[in-house]
Amino acid sequence: MLLLIATLGGLLLMMGSHSRSESLFYYFRIEDQVPENHLLRLIDRHIDFDFVRTKLKDAYSDTGRPSIDPELLLRILLVGYLYGITSERRLVEELRMHLAWRWFTGLGFDQEIPHHSTFSKNRHGRFQESNLFQEIFEQIVTRCVEAGLVKGKHMSVDGSFIQANADHHSRIPREQLAEVAEVNRTVREYLRELQQENPVETPVPQQEQVSTTDPDSTYATKGGPARLGYYNNYLIDNSSCIIVGVQATPARLSYESLAARAMIERYRESYGYLPQTLTADNTYGNGELLQWLDQRGIAPYIRVKESPAPKTGLYGIDKFTYVPEENCYICPEGKPLKYVGINQLNRTHQYHSTLKRCRGCSQKAQCTRGKYRIVAIHTCEPARQRAYALAKTPEFALSQRARRKVEALFAELKNYIGLRRLRLRRMRFVREQFYLAATAQNLKRLVRFLSSRPAPVIATA
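Residues numbered from 1 in each chain as written. Predicted model: local features only at pLDDT ≥ 70, side-chain atom pairs only at ≥ 80, totals over all residues. Heavy atoms only, no water.

Novice: I would appreciate a short explanation of empty space enclosed by the protein in the present structure.
Specialist: Gaps between atoms show up when a probe of the same size as a water molecule is rolled over them. Inspection of every chain in the model, using the stated rule, returns 3 cavities of 30 Å³ or more. Considered as a void within the structure, the largest cavity measures approximately 140 Å³ in volume. Within the residue set of the lining of the largest cavity, elements represented by two or more residues are α12 (355-359) and α13 (364-367). Taken together, the residues of the lining of the largest cavity sort by class into 8 nonpolar, 3 polar and 5 charged. The volume enclosed by the second largest cavity comes to roughly 110 Å³. Secondary structure elements with two or more residues in the lining of the second largest cavity: α7 (132-146), β8 (242-250) and α10 (254-271). Each residue belonging to the lining of the second largest cavity can be placed in one class, and the counts come to 8 nonpolar, 2 polar and 2 charged. (1 Å grid on protein atoms, 1.4 Å probe; cavity = no way out; pocket = protein on both sides within 12 Å on 5 of 7 lines; lining within 4 Å. Points joined across faces, edges and corners; volume = space filled by probe spheres on them. Helix = DSSP H or I, 4+ residues; strand = E, 2+ residues; numbered from the N terminus. Nonpolar A, V, L, I, M, F, W, Y, C, P; charged D, E, K, R; others polar.)

Novice: For this particular structure, what's the right way to read helix α1 (residues 39-46)?
Specialist: Helical geometry note: an α-helix holds 3.6 residues per turn, so side chains three or four residues apart project in the same direction. Listing the buried residues of α1 in full gives Leu39, Leu40, Arg41, Leu42 and Ile43. Contact partners of the buried residues in α1: α3 (70-82), α5 (99-105) and α17 (427-452). (Buried < 20%, exposed > 50% of the residue type's maximum accessible area, 1.4 Å probe, protein only. Contact = heavy atoms within 4.5 Å.)

Novice: When you look at a nonpolar patch on the surface in this model, what are you seeing that I'm missing?
Specialist: Side chains of Leu355, Tyr372 and Ile374 sit close together on the surface and give an oily, nonpolar patch of about 240 Å² of accessible area. Looking at the secondary structure, you find Ile374 in strand β15 (residues 374-378). For Ile374, a relative accessible area of 38% corresponds to the partly exposed category. (Patch = residues over 30% accessible without salt bridge, like charges linked within 9 Å, V, L, I, M, F, W, Y side chains within 5 Å. Areas by Shrake-Rupley, 256 points an atom, 1.4 Å probe, with all protein chains shown as cover. Salt bridge = Lys/Arg side-chain N within 4 Å of Asp/Glu carboxyl O.)

Novice: Got a minute to help me understand the packing of aromatic side chains in this structure?
Specialist: Each aromatic ring pair is summarised here by two numbers: the centre-to-centre distance and the angle between the ring planes. This structure, assessed with the given rule, holds 11 aromatic pairs. For the ring pair Tyr83 and Trp101, a centre distance of 5.5 Å and an interplane angle of 35° mean the geometry is tilted. One end of the pair, Tyr83, is in the loop between α3 and α4 (88-95); the other, Trp101, is in helix α5, and 18 residues separate them in sequence. Seen in terms of ring centroids, Tyr234 and Phe410 are 4.7 Å apart; in terms of plane orientation they differ by 15°. Their pairing is stacked. Residue Tyr234 is found in strand β7 (residues 227-237), and its partner Phe410 is found in helix α16 (residues 404-415); the two are separated by 176 residues along the sequence. Taken as a pair, Tyr234 and Phe410 share a single burial class, namely buried. Among the aromatic side chains, those forming a connected cluster through ring pairs are Tyr322, Tyr329, Tyr339 and Tyr351. When the ring centre of Trp103 is taken as reference, the NZ or CZ atom of Arg41 above it lies at 4.7 Å. We note Arg75 situated over the ring of Phe104; from NZ or CZ to the ring centre the distance is 4.7 Å. (Phe/Tyr/Trp six-rings, centres within 6.5 Å; stacked < 30°, edge-to-face > 60°. Lys NZ or Arg CZ within 6 Å of the ring centre and 35° of its normal.)

Novice: Just to check I follow, could you spell out the sheet that holds strand β13 (residues 336-343) for this structure?
Specialist: Within a beta sheet, neighbouring strands are joined by backbone hydrogen bonds and run either parallel or antiparallel to one another. In spatial order, the strands read β11-β12-β13-β14-β15; together these 5 strands make up an open sheet with antiparallel pairing. Strands with a single pairing partner mark the edges of an open sheet, and in this sheet they are β11 (321-323) and β15. Along the sheet, successive strands turn relative to each other by an average axial angle of 35°, direction set aside. Looking at chain direction, β11 and strand β12 (residues 328-330) are connected through 3 bridges and run antiparallel. Within β12, the residue paired with Thr321 across the bridge is Ile330. (Pairing = 2+ DSSP bridges. Axes fitted to C-alpha atoms, helices over the stretch in contact; angles between N-to-C directions.)

Novice: Got a minute to help me understand the pattern of salt bridges in this structure?
Specialist: A side chain with one charge can pair with a side chain of the opposite charge if their charged atoms come near. Here the structure, examined in full by the defined rule, presents 15 salt bridges. Between Glu288 and Arg347 there is a salt bridge, with its nearest N and O atoms 2.4 Å apart. Of this pair, Glu288 sits in helix α11 (residues 287-295) while Arg347 sits in the loop between β13 and β14 (348-352); the two residues are 59 residues apart in sequence, bridging distant segments of the chain. Given the relative accessible area of 39%, Arg347 is considered partly exposed. One continuous salt-bridge network, built from bridges that share partners, spans Glu36, Arg41 and Arg45.

Novice: How should the nonpolar core be read in this particular structure?
Specialist: Nonpolar side chains in soluble globular proteins tend to end up buried together. Ile43, Phe49 and Tyr234 are the most contacted members of the largest nonpolar core, which has 93 residues in total. The element that contributes the greatest number of residues to this core is α17, accounting for 12 residues. Excluding residues that lie within four positions of it along the chain, Phe49 makes contacts with Ile43, Glu71, Leu74, Arg75, Leu78 and Phe104. The next biggest cluster of nonpolar side chains, apart from the first, holds 9 residues, and it includes Cys331, Cys367, Val375 and Ile377. (Core = buried A, V, L, I, M, F, W, Y, C linked by side-chain atoms within 4.5 Å.)

Right under this line is the structure:
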């Protein structure tokens, strides 16, 4: 270190000059460089990942060369999702230089970092066969429940479109798949899976054109131009903002309600109870889901989804009187509309008048433009009416504000975790990314909650 002293305009100037040099030896501990309140230190303090080895024990041989520790691989992957690095090649490069990351993974400076290809090999093998990433997610949710962070009374559900790692120009007509499969391994595997009697994955919706890059991705539009992608569905606990359910589905609106059912049922199987209320946007306001929730005692804070109907100025259903004893409707002129059955196309009960009853009616011009009046009532109408009533309560307005939490989680997923566009392809690997991302989001909230609690007082004699 040199010290330069100069006199400029009567002022004494003292400017240090640092010479860059390296010592031959250092006394250095990574442990001392990681602050006590660092996120990775909090996770290491409160979360035990030993269950990973137990889960994968049967997947390793008792003989041969020791493998890379699966817990080490998991910790490295979690670091990537915690800090928004979705590329495993880049993650390994960053791990070489980041002290806190090395400390969390347990890698000293003299230990070799696993090659990025190791993750792919384990992903296609042991990790995929054991459903490891779903197990990790569920273990963290269980930890949140046991800690009292998750209340489980009021929940919200929503889905978000995540762009696939495939361009829409990669799509070809379905009838050309067999020809392309001769030179494209991805398409070849896709067709082989479709031919299996008991496929591991639920078949994706049949599309006229299929991507040769990612055949499971769906061509859809949501909030922008048409793209290939998937839906990531979250079920969250409103009080804690903890994600308690994750479901990867094709990018079709009809799958959002199915995913909601599956996540709620999985939560009930794991913890033995159902939420008291469920909040969602009107995409979920179809009669079937509303009835499903009503049958399970779950109050749906969801606006009823209505099919767009032209404004004709004709009599609405409020002008007709239902007679339950005869299962018919009475029109304003006092004439009955008899029940004729269910229309399977729009899932409605059909009540018809007759040509004779309507022919000379003085109110026909205000009632119908057809030969006779037809009244269509949704098969799940009682559940829809209860949802209508709930939408008028003060609790409904509060629930809609709480629903913003799930939207904030999707914003965090895309902006901070970096999962605006997927890196892996095919549904089974997309599901892995969604589980790991949700696990990282839950870990941040769980360890901060555990760290904020006062330490237990130990009584002394």
